[in-house]
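Chain residues, written in single-letter form:
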Amino acid sequence: MKRLYYIILNSVLLAGIFSCTKIDNYDEPKETLKGRVVDVATGEPVLTDQGSEGTRVRMRELSWTAANPENLDFFCMKEGVFQNTKVFKGTYNVRVDGAFIPLVRLNDNGDTIANESKTLDIKGVTELEFKVQPFLKLEWVGTPSVANGKITATVKVTRAVSPADFKAKIGPMGNYSDAELDEMLQVTDVRLFVSQVPYVGYREWDNRYSVINEYSGNDFEALLGQPITITTQETIPSGRTVFIRAAARINYATENIKRHNYNAAARVDIP
């Protein structure tokens, strides 16, 4: 009798489980969205971090009407390019957020004051390019040198968006005062990241050798456009190959993250 009871109970449970299960009969997503993020002034790619501290791509499928569309987020690669090969065919709104003037800008009331996102049909391989205004531009000056297991590199940091343009576009978002906007424009830190892999950056750096130079107030203002020489710390063992990248950021957060602008990674062989 006890055995019969358990058979009946299990049958009821299994019936319940199957009745709650819906078969997903959608074909797997096969479309591809690929693209890049470039500096509107120069056409050069906007180099970024690899991960949530870098450039985020946000998609919303507008052709999905069964419910409110969810945000589909992924991230640019460090070269400023992106690719998603698992997209359902449909109509999407796509935006990018990173270390540049936000493409979608709202005021304090939540009203849209600018919207440079893109709405498009994705079918097959669809390519997309965003032209943005980066906050900063970083360039190597000369070739990094090595002495006694330490790397010395020189970098130049300049503004890629003028203070006047920054204020005109960011100011209305929070009804910010001129003093508040000046504070947002301040460069807070310049970093020289060191890693054993080419994906060197905020997500991948060796804190034994990397260097962080922090600045307060307007301390960095006089250094804009000037060569800044940084020497790594501790001694990198002989025979190693490492990769270095410089990064800098201003005192402004896009989508609640203060993101760095980057230069290109450089390979350094330690003699």
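Overview of the structure.

Conventions adopted
- Residues numbered from 1 in each chain as written.
- Predicted model: local features only at pLDDT ≥ 70, side-chain atom pairs only at ≥ 80, totals over all residues.
- Heavy atoms only, no water.
- Buried < 20%, exposed > 50% of the residue type's maximum accessible area, 1.4 Å probe, protein only.
- Helix = DSSP H or I, 4+ residues; strand = E, 2+ residues; numbered from the N terminus.
- Pairing = 2+ DSSP bridges.
- Axes fitted to C-alpha atoms, helices over the stretch in contact; angles between N-to-C directions.

### Observations concerning the pairing of strand β18 (residues 266–269)
- Along β18, the buried face is formed by Ala 266 and Val 268; none of Arg 267 and Asp 269, which line the opposite face, is buried.
- Summarising the sheet, strand β16 (residues 241–250) and β18 pair through 4 bridges and their orientation is antiparallel. Residue Thr 241 lies in a different strand from β18, and its bridge partner there is Asp 269.

### Considerations on the pairing of strand β1 (residues 31–39)
- Within β1, 7 of the 9 residues are buried, which leaves the element mostly enclosed by the surrounding structure.
- Across 5 bridges, β1 lies against strand β4 (residues 81–87) in antiparallel orientation. Bridging across to β4, Lys 34 finds its partner in Gln 83.
- Bridging between β1 and strand β9 (residues 125–132) involves 8 bridges; their strand directions are parallel. Looking at the pairing, Thr 32 lines up with Val 125 of β9.

### Some points on the sheet that holds strand β3 (residues 71–75)
- Spatial ordering of the open sheet is given by β3-β2-β5-β8, a layout of 4 strands whose pairing is antiparallel. In this open sheet, the two edge strands, each paired with only one partner strand, are β3 and β8 (118–122). Each strand axis lies, on average, 30 degrees off the axis of its neighbour in the sheet, ignoring direction.
- Here 6 bridges tie strand β2 (residues 56–61) to strand β5 (residues 90–97), and the two strands are oriented antiparallel to one another.

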